[in-house]
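# Coordinate inspection notes
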Amino acid sequence: MNSPREFYGALREHSCVYFNPRWNGWIVTRYDDVTAGFRAHEQLSSDRMAGPWGEDYALQDPSLHEYIYKVLSQSFVWRDPPYQTRVRTLLNRAFIPRSVELLRPRARQLVADLIEALPADEPVDFLGGFAFHLPVMVICEYLGIPGEARESVKQWSDQLSGVVFVHGHDPDRDRKAEEGARSLFEYVRSVVDERRRRPQDDLISAILAAQGDIDDSFTEDEIVANIVLLVFAGHETTMNLISNGVAAFWRNPDQWRRLQDRPELVRHAVEEILRVDGPLRATARWARQPLVLGGTEIELNDRVLLVNIAANHDPAAFENPERFDIGRTGNRHVAFAAGIHTCLGAPLARMESQEAFSYLSERFDVVEVVEDPPRYRPAIASGGFEALHAIFRER
Ligand code: HEM
């Protein structure tokens, strides 16, 4: 879908809680209803192994999806409390802004190294040469995944994303995702084993130590599945945030100049990219209990799609929502969701993207995107380009 904003915008105007027979569920598009949906975690479940998704799953051959099942069923993003609360409590400290700030100098260095390796003043593969690498390098270093394994980890994580972010175009998607999940799971398990024997100064060792202090009732598979989640949750999403941002600045050169004149606006700029073209367009739930959303009765077991991107363009919540304005204040976008599942990695994604745009805007006069317009990858849940070639002109 190359113009999701227009599509969901029309839906929001026409029928804000709409039953889509093809998806067999409700599509929710108004800001107030989407945020209410995120906050209604007692009625709207995230559990992918129960309710309507559980029924679909039971019909499939389990041997074909053994590892995807392991990852999905034990990752706390696809579970409800109390399990979700237990895992989140275990991991929370590592992702509070204070912990993430300690990683900023290293992220700045990685940004500089990656950008300087690309030629200026000629077309470069920005997505493949920069945006694809940065998030995985940062999270792998933080977790303590050895340097020599990072290329493979990126590849496996990308394969698994095909199922998680519902890429529509690849007939071989499920097989590749299972292969990626298996390789990632077994590899992370080997690193966890190693850190149990010989702890180091890294996040995997810190998680294992905290597990002993806070809650030692997790199984080894649960620990491994949630570390796997940390590896891939921020990979495609942050990659898309940074490349969607480059395209937004290309379409709005006045805002690029504004950032160059006022570099302190970079934090607001990243929030505005998240709002106008956030990488997670929609988030699925199902009704564990009946509820009323936007005046519509949702019945037990119904599927519900909360469309973040439609909420973020709702004129009832944002003045002049189609305008890309890096000085926007009071930007209460829901690109990271809301409620108990609000993105755990948001401080990390923000920090990496701020460093990327600070560096790019200081260093380059203008940015020109070669594909005009760049095409979005066909995917339901995620919003990112198939390719993004760009020319960065030196200042
Ligand atoms: C721009 C980048 C990112 C975006 C747009 C994003 C978006 C989201 C959204 C919308 C959710 C809620 C999902 C739901 O309610 O079903 C979520 C959850 C989550 N995200 Fe992110 N994310 C990003 C980056 C990251 C990073 C860098 C990490 C970690 C390294 C991360 C880890 C997580 C985790 C662990 C959860 C589950 C939280 C929970 O269920 O309590 N994300 N993210």
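Structure's up top.
These notes cover the structure that comes with them. The structure presented is a predicted model; accordingly, all values stated were derived computationally and were not measured.

## Considering the environment of Ala 356
Its location among the elements puts Ala 356 in helix α18 (residues 346–363). With 90 residues separating them along the chain, Ala 356 and Val 266 place their C-alpha atoms 9.7 Å apart. Apart from the residues within four sequence positions on either side, Ala 356 is in contact with Val 111, Leu 134 and Ile 242.

## Here we look at the site of the ligand
Close to the ligand lie 26 residues; Gly 234, Thr 237, His 341, Cys 343 and Gly 345 are nearest. Listing elements by their share of the shell around the ligand, those giving two or more residues are α5 (83–91), α13 (220–233), α14 (235–251) and α18. By residue class, the composition of the shell around the ligand is 16 nonpolar, nine polar and one charged.

## Focus on the environment of Pro 290
Along the chain, Pro 290 turns up in the loop between β5 (283–287) and β6 (291–293). In sequence terms Pro 290 and Arg 350 are 60 residues apart; their C-alpha atoms lie 36 Å from each other. Once residues within four sequence positions are removed from consideration, Pro 290 is found in contact with Glu 297, Ile 298, Glu 299 and Leu 300.

## As for the packing of α5 against helix α12 (residues 203–214)
In a pair of packed helices, the angle between the axes and the distance between the axes together describe the arrangement. It is the contact of α5 with α12, at a shortest axis distance of 9 Å, that shows an interaxial angle of 120 degrees. In terms of their interaxial angle, α5 and α12 are classed as oblique. Once α5 is placed against α12, the crossing between them reads as right-handed. Across the interface between the two elements, Thr 89, Leu 90 and Leu 91 of α5 pack against Ile 207, Ala 210, Gln 211 and Ile 214 of α12. Its residues assigned to classes, the contact of α5 with α12 shows five nonpolar, two polar and no charged.

Definitions and cut-offs
- Residues numbered from 1 in each chain as written.
- Predicted model: local features only at pLDDT ≥ 70, side-chain atom pairs only at ≥ 80, totals over all residues.
- Helix = DSSP H or I, 4+ residues; strand = E, 2+ residues; numbered from the N terminus.
- Contact = placed C-beta atoms within 7 Å.
- Near = placed C-beta within 6 Å.
- Nonpolar A, V, L, I, M, F, W, Y, C, P; charged D, E, K, R; others polar.
- Axes fitted to C-alpha atoms, helices over the stretch in contact; angles between N-to-C directions.
- Parallel < 35°, antiparallel > 145°, perpendicular 65-115°, else oblique.
- Left-handed = near helix turned anticlockwise from the far one by under 90°.

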